[in-house]
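# Architecture and fold: a report
Listed here are the chains, written in short residue letters.
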Amino acid sequence: MSAVEETKAKDTSKPITNEFPQAYNEPDSYFCEETYALCMVGLPGMGKTFVAQRLARWLEFFHDVTVKVFNLGNARRKAVGSKVSSEFFNPSKHGNQEVYKKIRSNVIQEIKEFLVADKRPRIAIYDACSHTKETRRYLEQELGKKNTKIIFIECIVNDKLVLNEYLAEVQKDMPDYKGLDGAQTRKDYAKRIEHFRKRYEPLDDESKSWIKLVDNAEQLTLNRISGFFPGQIVNFLMNLHTVPRPIYLSRHGQSQYNALGKIGGDSGLTLEGLKYAKELAKFVKEHVLTGGGCENKEKDQCENASHARLYTSTLRRTNETAQFIEHPIQPDGWVTMRKRQWRALDELFAGVFDGMTYKEISEKCPEAYAMRKKNKLSYRYPRGESYLDVIKRVEQVMLHMQRHKDPVVIVAHQAILRVIYTYFMGKPREDATKTAIPLNTVIKLTPYAYNTKEERFVLHKMSTGDTDEAPSH
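Overview of the structure. Each chain has its residues counted from 1, following the order in which its sequence is written. The predicted nature of this model means local features are confined to residues of pLDDT at least 70 and side-chain atom pairs, given and counted, to a pLDDT of 80 or more, with totals for whole chains, interfaces and linings taken over all residues. Hydrogen atoms and water are omitted, and side-chain values are computed over all heavy atoms in the structure.

### What about the side chain of Asp127?
We apply this condition: Each helix is a run of H or I in the DSSP string that is no shorter than four residues. Each strand is a run of E no shorter than two, and both are numbered from the N terminus. Burial classes follow relative accessibility: with a 1.4 Å probe on protein chains only, a residue under 20% of its type's maximum area counts as buried, one over 50% as exposed, and anything between as partly exposed. Residues scored as positive are Lys and Arg, those scored as negative are Asp and Glu, and His as well as the terminal groups of each chain are ignored. The working definition used for a salt bridge is a side-chain nitrogen of Lys or Arg within 4 Å of a carboxyl oxygen of Asp or Glu. Here a polar contact is taken to be a pair of N or O atoms separated by no more than 3.5 Å, where protein atoms must pair a possible hydrogen donor with a possible acceptor and residues adjacent in sequence count only if both atoms sit in side chains. Should any heavy atoms of two residues lie within 4.5 Å, those residues are counted as being in contact.
Mapped onto the fold, Asp127 is located in strand S3 (residues 122-127). No salt bridge is formed by the buried Asp127, whose closest oppositely charged neighbour, Lys48, lies at an N-O distance of 5.7 Å. A distance of 2.8 Å separates the side chain of Asp127 from the side chain of Thr49, its partner in a polar contact. When sequence neighbours within four positions are dropped, the list of residues in contact with Asp127 reads Met40, Lys48, Thr49, Ala52, Val69, Phe70, Asn71 and Leu72.

Here's what the structure looks like:
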């Protein structure tokens, strides 16, 4: 009897056992094999905090690197309060400068302790202006010990339009100016920038390792950058910009498998799912392509709402959900909402359990069911995927997407959207396995320097009495 015939002859009603399951283990080598101190450089309001926070988030979430941002501004606010005028930063006020140096010294000590807290390679990101050569020499002397490699990252904005838009966001969200008048805030912040400009010395030392970003990486200059990890940082930074723009997340409409309680598969939409698809097309036309809605006084700060993009997975249910979205051609030839399909956005693959209900899985393979319930993040379906596998493949879509300055609508699946949502909201990886991404709802995320704004729009209510929380991964 052949192996196939023997398998067919077995009693399929008996529980499937897995005596020797494969479990996810920590890799022998890490994404980053050395300890680094990444030191931001530049005048206030140039996007340093945004770059530092996004870089840290990317390293932590997609590569499991132990990383922490040390913001000198937060330390200063903690020490002397947030309500300080621009005169605190006047270089001629020697008393204030001594206080500032003491605060900086305390932060540097925290970084030192962080970098040697365990044997695993760690990354510290020092978020401060570091605008003089003297300051940068001090950082090298203090941090460039015990095999810690230092890379300076300078942010420069010459484009006045980009600068004004970004300064407006910084002033609105920065804790220093919370609750203050807009005109007063702009005036004080402009003075603060000028105080730093008086002593500002751009990076030009060819003996140091540095990356210079000009106008949202429109120009990127590298000096003494080599190796795998620094190269990955460059790859990330060259695809990053600081212009806020909305990202719309939508699950597909209710699928036939959703209605039956089955996971995975490649089924089409139910009538309820088609109703949602039509509501989604209407939402795109009235909200996404108008920059947040015609009646919304506070428009989305994207470069061009009419150049919005559409991403879907390759599976039938997401493409049927996007089928009613219009694709008008703009005067410049751009096809609005032109669909791009990504295999990387396909649902987490359940392997041998694809197309089964959770009840069937628990009855036929109780050990596997219990293992996944215990640790959904690292559990890999037999011949399928884990959430860690999904995180890895979604990274490439994120790198591609974050370069765009136009709105992006992503029609995908619960596990995929959980990963994307968790990443942008700064939540732990583990939360990706339990974050609620209901059917019939659009989640709008707008990343800023200090936070990510979230809005939810319920577009359809089930008329069949089914729940929006359909069985999924």
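### Structural notes on empty space enclosed by the protein
A water-sized probe, rolled over the atoms, reveals where empty space remains. Quick note on the threshold: Any residue with an atom within 4 Å of a point lines the site, the site being either a cavity, points on a 1 Å grid over the protein atoms alone where a 1.4 Å probe fits but cannot get out, or a pocket, an open set with protein on both sides within 12 Å along at least 5 of 7 lines. Grid points are joined across faces, edges and corners, and a volume is the space filled by probe spheres set on the points. Only Asp, Glu, Lys and Arg are considered charged in this grouping, and only Ala, Val, Leu, Ile, Met, Phe, Trp, Tyr, Cys and Pro are considered nonpolar; every other residue, Gly among them, is considered polar.
Summed over all chains, the structure comprises 6 cavities of 30 Å³ or more. By volume, the largest cavity amounts to about 310 Å³. Lining the largest cavity are 25 residues, with Pro44, Lys48, Thr49, Cys129 and Met174 positioned closest to its centre. When contributions to the lining of the largest cavity are tallied by element, the ones reaching two or more residues are helix H2 (48-63), helix H3 (72-80), helix H6 (160-173) and helix H7 (182-197). The greatest single-element share of the lining of the largest cavity, amounting to 4 residues, is contributed by H3. In terms of residue class, the lining of the largest cavity is made up of 14 nonpolar, 5 polar and 6 charged.

### Topic: the packing of aromatic side chains
So the rule is basically this: For Phe, Tyr and Trp, where Trp contributes only its six-membered ring, two rings pair if their centres lie within 6.5 Å, and the inter-plane angle classes them as stacked under 30 degrees, edge-to-face over 60, or tilted in between.
For the structure shown, the criterion picks out 17 aromatic pairs. Consider the rings of Phe62 and Tyr423, whose centres lie 4.8 Å apart with planes at 50°: the pair is tilted. Residue Phe62 is found in helix H2, and its partner Tyr423 is found in helix H15 (residues 414-424); the two are separated by 361 residues along the sequence. Each of the two residues, Phe62 as well as Tyr423, counts as buried. Taking the centre distance of 5.5 Å and the plane angle of 65° together, the rings of Phe70 and Phe114 count as edge-to-face. Here Phe70 is found in strand S2 (residues 66-71), whereas its partner Phe114 is found in helix H4 (residues 94-115), with 44 residues between them in sequence. For Phe70, a relative accessible area of 4% corresponds to the buried category.

### Here we look at the pairing of strand S8 (residues 309-312)
Formally: The criterion for strand pairing is that DSSP finds at least two bridges linking the strands in question. Handedness of a crossover is defined as follows: with both strands directed away from the viewer, a clockwise route from the first strand across the helix to the second makes it right-handed.
Residue alternation in S8 divides its side chains into two sets, Arg309 and Tyr311 and Leu310 and Thr312, and both sets are buried. By the bridge criterion, 3 bridges tie S8 to strand S9 (residues 339-341) in an arrangement that is parallel. Bridged to Tyr311 within S9 is Arg340. Considered for its hand, the β-α-β crossover made up of S8, helix H11 (residues 316-321) and S9 is right-handed.

### Section: the environment of Arg429
For Arg429, the position within the fold is in the loop between H15 and strand S11 (441-447). For the pair formed by Arg429 and Tyr387, sequence separation is 42 residues and the distance between their alpha carbons is 9.1 Å. Here Phe61 takes part through its backbone oxygen, which lies 2.5 Å from a polar atom of the side chain of Arg429.

### Considerations on the sheet that holds strand S4 (residues 149-156)
What counts is decided by this rule: Every axis in this analysis is a line fitted to C-alpha atoms, fitted for helices over the stretch in contact. Angles between the N-to-C directions lie between 0 and 180 degrees.
Pairing is mixed across the open sheet formed by 6 strands, whose spatial order is S2-S3-S1-S4-S5-S6. Edge positions in the sheet fall to S2 and strand S6 (219-223), since each of these pairs with one other strand and no more. Sheet twist, expressed as the average angle between the axes of neighbouring strands with direction ignored, equals 15°. Contacts between H4 and the sheet are confined to strand S1 (36-41), S2 and S3, with S3 contributing the most and set at about 165° to the helix. Helix-sheet contacts for helix H5 (residues 133-143) involve S1, S3 and S4, and the interaxial angle to S4 is about 155°.

### A short note on the packing of H2 against helix H14 (residues 387-401)
Going by this rule: Roughly parallel means an angle under 35 degrees; roughly antiparallel means over 145; roughly perpendicular covers 65 to 115; every other angle is labelled oblique.
Where H2 meets H14, the closest approach of the two axes is 10 Å, and the angle between their N-to-C directions is 150°. One element, H2, and the other, H14, form an angle in the roughly antiparallel class. Only Ile391, Lys392, Val394, Glu395, Met398 and Leu399 of H14 make contact with H2, whose side of the interface consists of Trp58, Phe61, Phe62 and His63. Of the residues belonging to the contact of H2 with H14, the class tally is 7 nonpolar, 1 polar and 2 charged.

### Comments concerning helix H10 (residues 271-288)
Defined as follows: Working rule for helices: expected span equals 1.5 Å times residues minus one.
Between its first and last C-alpha, H10 extends 25 Å over 18 residues, near the 26 Å set by a 1.5 Å rise per residue. For H10, the set of buried residues is Glu272, Gly273, Tyr276, Ala277, Leu280, Ala281, Phe283, Val284, His287 and Val288. Buried-residue contacts for H10 involve strand S7 (247-251), H11, strand S10 (408-412), S11 and strand S12 (452-458).

### Quick notes on the pattern of salt bridges
Applying the stated criterion across every chain, the model contains 27 salt bridges. With a shortest N-O distance of 3.5 Å, Lys212 and Glu154 are connected by a salt bridge. One end of the pair, Lys212, is in strand S5 (residues 210-214); the other, Glu154, is in strand S4, and 58 residues separate them in sequence. The salt bridge partner of Arg309 is Asp406, with a shortest N-O separation of 3.4 Å. In this pair, Arg309 is assigned in strand S8 and Asp406 in the loop between H14 and S10, connecting sequence segments 97 residues apart. Look at Asp406 and you get buried, because its relative accessible area is 7%. Where salt bridges share partners, they join Arg76, Arg77, Asp176 and Arg192 into one cluster.

### Brief notes about the nonpolar core
Counted only if it meets this: By nonpolar core we mean a set of buried residues, namely Ala, Val, Leu, Ile, Met, Phe, Trp, Tyr and Cys, connected to one another through side-chain atoms within 4.5 Å.
Ile125, Ile410 and Ile420 are the most contacted members of the largest nonpolar core, which totals 110 residues. Excluding its chain neighbours within four sequence positions, the residues that come into contact with Ile410 are Ile247, Tyr248, Leu249, Ser250, Tyr311, Leu345, Met401, Leu417 and Ile420. Grouped together as the second largest cluster of nonpolar side chains are 16 residues, Phe283, Val284, Leu310 and Val411 included.

### Describing the packing of H2 against H15
Going by this rule: Two helices that cross are described as forming a left-handed crossing if the nearer one is turned anticlockwise from the farther one by less than a right angle, and a right-handed crossing if clockwise.
At their nearest, the axes of H2 and H15 sit 10 Å apart, and the two run at 140° to each other. Relative to H15, H2 is oriented oblique. The chirality of how H2 crosses H15 is right-handed. On the side of H2, the interface is formed by Arg54, Arg57, Trp58, Phe61 and Phe62, while H15 contributes Val419, Thr422, Tyr423 and Phe424. Tallied by class, residues from the contact of H2 with H15 come to 6 nonpolar, 1 polar and 2 charged.

Honestly, that's just the spatial picture; any functional story needs more than this.
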